[in-house]
Amino acid sequence: MNIAELFPKLLDLTVFDYLRSVWGNAPWVEVVLDIIAILTVSTFALLLVFLLGWTERKVLARMQDRIGPNRVGGRFGQLQMVADVVKMMTKEMIIPAGADRIAYFAAPILSLMTSLLLFAVLPFAPGLIGVDLNVGVFYVLSISSVSVVALLLAGWGSNNKYALLGAFRSVAQLVSYEVPMILSILVPILLARSMSTVGLVEAQPIPFFFYAPLSAVIFFVASLAETGRSPFDLLEAESEIIAGFHTEYTGMVFGLFMAAEYIGIIFMSALFVTAYWSGYRLFGLENVVLNGLQLGRILGFLVIAGKTAVVFFLFMWIRATLPRFRIDQLLNFGWKFLVPLSIVLIFVVVILDKVLVEVGLVGGSNEVVRMGIHLVSNLLIGWATIEILRRRAKTARQDYEAEAAARDAARVTAPAHAD
Amino acid sequence: MDQILLDYLPIAVLIGIGIFFAVLLPSLSVSLGPKPPKDRNLAPYESGMVAIGEAQRRLPVKFYRIAVLFILFDVDIILLVPWAVAFRKLGVYGLVAMLIFMVMFILGDAWVWKKGVLEWE
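This structure is a prediction, so every number in the text was calculated from the model and none was measured.

> Is there a simple way to think about the overall build of chain A in this case?
What chain A contains, in helices and strands, is 14 helices and zero strands. Reading the helices (α) and strands (β) of chain A from amino to carboxyl end gives α-α-α-α-α-α-α-α-α-α-α-α-α-α. Taking all contacts inside chain A whose residues are at least 6 apart in sequence as the whole, residues at least 24 apart take part in 75%.

Here it is as structure tokens:
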């Protein structure tokens, strides 16, 4: 089979059938095919780190009125990340005195492994997915909570006070924002009635963002916190705790943490796109067939890549714009604002959806009506939330001003000791 | 083998790939990197000072409170996820039952809030 024949076969995925016909139908063939699929996905994820690292440095530099990388590999510094990796490889490897060796080395391995594992359930195009688990979102949530353990191991294992403090702070942050994250992604699951990531995409002729913008915003904020991005970058608040949990890591072991961070960020953006912006779907582009050539697969991949790039750009933009939260503000924001709000949201969505199903406003042309009702309810909740916050801020400000006025009055009436 | 276990086979392969990369890259670093004398530079980093005391020490209880709170909430939420998939089939009974459960959830949240568990300091 030459290249010209292979290409369409690759696109309509009959290449797998071809391999089956060549190799026969033994059980090991399925295993080999699985391994091929998963190797493709993980290689793709690891290569993405190079691209994203460079993009982020370049974009951040532009936002801060700098030029950024401009020497290695051409005028835009395209090979900067390759140079970085080579540099990290040739660095001295240090195991700090008194470190718990098992915990010290298990942490980066666990960290990279969990972020790679997430990519297994990400649908890149119709039929193009590492493994379509029927509990996809559940799988994502459980895997991403394992990464918390990696942080704790790193902090505990490296026998450094900054590392330990950083690890505890990060764990407090990550577990706090996991609650609103799960609660907000419950809304797309409710609307799609499916936990599989492919099921989520298939259920979105209209993106779920237009059903539940509030839930999307909560999920976005929580995913910023989950990946430890600014303004929630307490994990490595360099002005307070050196580098947080990876203070004692050098060379490529530190590189593993960095790779895991980038893979995590790109996965979170892609998950946001999959759950709220209909993943690889865009006006039926994903189903385009030209002369029997399934171009839709390429187009679908380009669509999800483009959408993910937009979300990733938002991540960078926020990092360049917002200052860091204080830890008590961060936890208050999570527990006292995001969690109650997302619970209220689930209440409303569930009851509305039940009523709409009873009335029969589901599917077909009724879908737009259903979307509109959900959208209006979301906007109402959002408006009410902002109104409550505004009133509380107003009373707080009035209290503060009254206090200040009383203080000033006391100062005026006090006997003037200048005489 | 069960079909349901075969579904998870790629995941197992991916775990293997993850461990492979995560071991390969640092071992490259070990073999390529310089090996200067290892006496002082193994000391834990404490802004250039000689480290005082053990690093693996006791920490404020507030971190523990957050962790316990998370476990409680997480167990509650995990029950919500399968219900979210099936709630249309469960009918009005399923809806009302879960709403009662969620009211208890909110009451728990309010109690925790009032008790000041969420106060940092």
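> Any chance you could explain the overall build of chain B here in plain terms?
When you go through chain B residue by residue, the secondary structure sums to three helices and zero strands. When its helices and strands are written in sequence order, chain B yields α-α-α. A burial count over chain B gives 19% of its 121 residues as buried.

> Please clarify how helix α4 (residues 80-89) of chain A should be interpreted in this entry.
For an α-helix, the turn length of 3.6 residues means that residues three or four places apart are oriented alike. Those residues of α4 of chain A not exposed but buried are Gln80, Met81 and Met88 of chain A. Down the axis of α4 of chain A, the buried set is contained in an arc of 90°. They therefore lie on one face.

> Teacher, can you tell me more about the interface of chain B and chain A here?
How big an interface is tends to be reported as the loss of accessible area on association of its parts. Taken together, the contacts link 53 residues of chain B with 70 residues of chain A. Contributions of two or more residues to the side of chain B that touches chain A are made by α2 (9-32) and α3 (61-115) of chain B. Of the residues assigned to the side of chain B that touches chain A, the class counts are 42 nonpolar, five polar and six charged.

> How should I be thinking about the confidence of the model for chain B in this particular structure?
Any region with low pLDDT has predicted coordinates that should not be read closely. Residue and element names in this part refer to chain B. Averaged over every residue, the pLDDT of chain B is 79; residues scoring 70 or more account for 95%. The secondary structure element of chain B with the lowest average pLDDT is helix α1 (residues 3-7), at 71, and the one with the highest is α3, at 84. The ipTM for the predicted assembly is 0.86, set against a pTM of 0.88.

> So what exactly am I meant to see when it comes to the environment of Ile318 of chain A here?
Residues and elements named next belong to chain A. Counting through the fold element by element, Ile318 comes out in helix α12 (residues 295-321). Classification of Ile318 by C-beta neighbours within 10 Å gives partly exposed; the count is 16. With 48 residues separating them in the primary sequence, Ile318 and Asn366 have C-alpha atoms 37 Å apart. Among residues more than four places away in sequence, those in contact with Ile318 are Leu224, Ser230 and Pro231.

> For this particular structure, what's the right way to read unusual backbone geometry?
Note on backbone geometry: most residues besides glycine have negative phi, and most peptide bonds are trans. All names here are of chain A. The phi dihedral of Asn159 is positive, around 55°, even though this residue is not glycine. With 23 C-beta atoms counted inside 10 Å, the residue Asn159 sits in the buried group. In this structure, Arg193 takes a positive phi of about 50° despite not being glycine. In this fold, Arg193 is placed in the loop between α7 (161-192) and α8 (197-202).

> What am I meant to see in the packing of helix α9 (residues 213-226) of chain A against helix α13 (residues 327-359) of chain A here?
Think of two packed helices as two axes; the pair is described by the angle between the axes and how far apart they sit. Residues and elements named next belong to chain A. It is at 10 Å that the axes of α9 and α13 come closest, and there the two elements cross at 150°. In this view, α9 runs roughly antiparallel relative to α13, as classed from their interaxial angle. Where α9 crosses over α13, the handedness of that crossing is left-handed. Between α9, through Leu214, Ser215, Ile218, Val221 and Ala222, and α13, the contact on the second element is made entirely by Leu338, Leu341, Ser342 and Leu345. Looking at the contact of α9 with α13, its residues break down into seven nonpolar, two polar and no charged.

> Explain the environment of Arg281 of chain A here, please?
Residues and elements named next belong to chain A. Examined against the element boundaries, Arg281 turns out to sit in the loop between α11 (251-276) and α12. With 23 C-beta atoms packed within 10 Å, Arg281 lands in the buried category. For the pair Arg281 and Asn332, spaced 51 residues apart in the sequence, the C-alpha separation amounts to 37 Å.

> What is the right way to read α12 of chain A from this model?
In this model, α12 of chain A (27 residues) spans 39 Å end to end at C-alpha, consistent with the 39 Å of a helix rising 1.5 Å per residue. Of all the positions in α12 of chain A, only Gly296, Arg297, Gly300, Val303, Ile304, Lys307, Thr308, Val311, Phe312, Phe315 and Met316 of chain A are classed as buried.

> What is the right way to read the nonpolar core from this model?
Note that soluble globular proteins tend to have their nonpolar side chains buried in a common cluster. Residues Ala167 and Leu186 of chain A are the most contacted members of the largest nonpolar core, which totals 137 residues. Examining the composition of this core, we find that 22 residues originate from one element, α7 of chain A, more than from any other. With near-sequence residues (within four places) excluded, Leu186 of chain A lies in contact with Ile346 of chain A together with Leu80, Val81 and Ala84 of chain B.

> Is there a simple way to think about the environment of Ser194 of chain A in this case?
Within the element layout of this structure, Ser194 of chain A appears in the loop between α7 and α8. Note on Ser194 of chain A: 20 C-beta atoms within 10 Å, which makes it buried. Along the primary structure Ser194 of chain A and Asn134 of chain A are separated by 60 residues, whereas in three dimensions their C-alpha atoms are 7.8 Å apart. Non-local contacts of Ser194 of chain A, meaning those with residues more than four positions away in its chain, are made with Gly199, Leu200 and Ala203 of chain A together with Val85 of chain B.

Rules of the game
- Residues numbered from 1 in each chain as written.
- Chains lettered and ligands numbered in written order.
- Predicted model: local features only at pLDDT ≥ 70, side-chain atom pairs only at ≥ 80, totals over all residues.
- Helix = DSSP H or I, 4+ residues; strand = E, 2+ residues; numbered from the N terminus.
- Contact = placed C-beta atoms within 7 Å.
- Buried ≥ 20, exposed ≤ 12 C-beta atoms within 10 Å, placed from the backbone.
- Arc of directions from axis to C-beta.
- Nonpolar A, V, L, I, M, F, W, Y, C, P; charged D, E, K, R; others polar.
- pLDDT = per-residue confidence, 0-100.
- Axes fitted to C-alpha atoms, helices over the stretch in contact; angles between N-to-C directions.
- Parallel < 35°, antiparallel > 145°, perpendicular 65-115°, else oblique.
- Left-handed = near helix turned anticlockwise from the far one by under 90°.
- Expected span 1.5 Å × (residues − 1).
- Core = buried A, V, L, I, M, F, W, Y, C linked by C-beta atoms within 7 Å.

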